[in-house]
Amino acid sequence: MAEVTNELVYDLMKRFHERFDKLDHGLAEVKQELISIRGHFLSMQTDIHNMYGVLVRHDDRLERIERRVELCEMAEPQRPFDHNP
């Protein structure tokens, strides 16, 4: 069995330190990507909210048009359908 020396322990500790530095750098990149994804989701949610707002306005306008058409139909005199032109 190999003898454990201070140099061997020091060398192992240096390697661990280098690996942890790389891990910290990789973790920072992942965090940045998650922040970016979160920003994209927020903008998509805002866009969907805006589209719903437009749809509500169109729906309200369509209801007003339908009410006007009904009022016009009710105001017209009701004539029977003439089969002979």
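J.: Residue-level account of the overall build of the chain, with values.
T.: Across its full length, the chain holds one helix and zero strands. Taking all 85 residues of the chain together, the buried fraction comes to 0%. For the chain, the accessible area works out to roughly 9100 Å², and carbon and sulfur atoms hold 60% of it.

J.: I'd like to hear about a nonpolar patch on the surface, residue by residue, with values.
T.: Judged by side-chain polarity, Val-4, Leu-8, Val-9, Leu-12, Met-13, Phe-16, Phe-20 and Leu-23 come together as a nonpolar surface patch covering roughly 790 Å² of accessible area. Within the fold, Leu-8 resides in helix H1 (residues 6-75).

J.: Got a sec to walk through a negative patch on the surface? Specific residues and values, please.
T.: Taken together, the side chains of Asp-59, Asp-60, Glu-63, Glu-66, Glu-70, Glu-73 and Glu-76 present a region of like negative charge at the surface. Mapping Glu-70 onto the fold places it in helix H1. On the basis of relative accessibility, which here comes to 48%, the residue Glu-70 falls in the partly exposed class.

J.: So, the pattern of salt bridges: which residues are in play, and what are the values?
T.: As enumerated under the stated definition, the model contains one salt bridge in all. Taking the shortest distance from any N to any O, the salt bridge between Asp-11 and Arg-15 comes out at 3.1 Å. Note that Asp-11 and Arg-15 are positioned in helix H1 at a spacing of four residues, about one turn of the helix. A relative accessible area of 49% places Arg-15 in the partly exposed class.

Rules of the game
- Residues numbered from 1 in each chain as written.
- Predicted model: local features only at pLDDT ≥ 70, side-chain atom pairs only at ≥ 80, totals over all residues.
- Heavy atoms only, no water.
- Helix = DSSP H or I, 4+ residues; strand = E, 2+ residues; numbered from the N terminus.
- Buried < 20%, exposed > 50% of the residue type's maximum accessible area, 1.4 Å probe, protein only.
- Areas by Shrake-Rupley, 256 points an atom, 1.4 Å probe, with all protein chains shown as cover.
- Patch = residues over 30% accessible without salt bridge, like charges linked within 9 Å, V, L, I, M, F, W, Y side chains within 5 Å.
- Salt bridge = Lys/Arg side-chain N within 4 Å of Asp/Glu carboxyl O.
- Lys, Arg positive; Asp, Glu negative; His and termini not counted.
- Charge placed at Lys NZ, Arg CZ, Asp CG, Glu CD.

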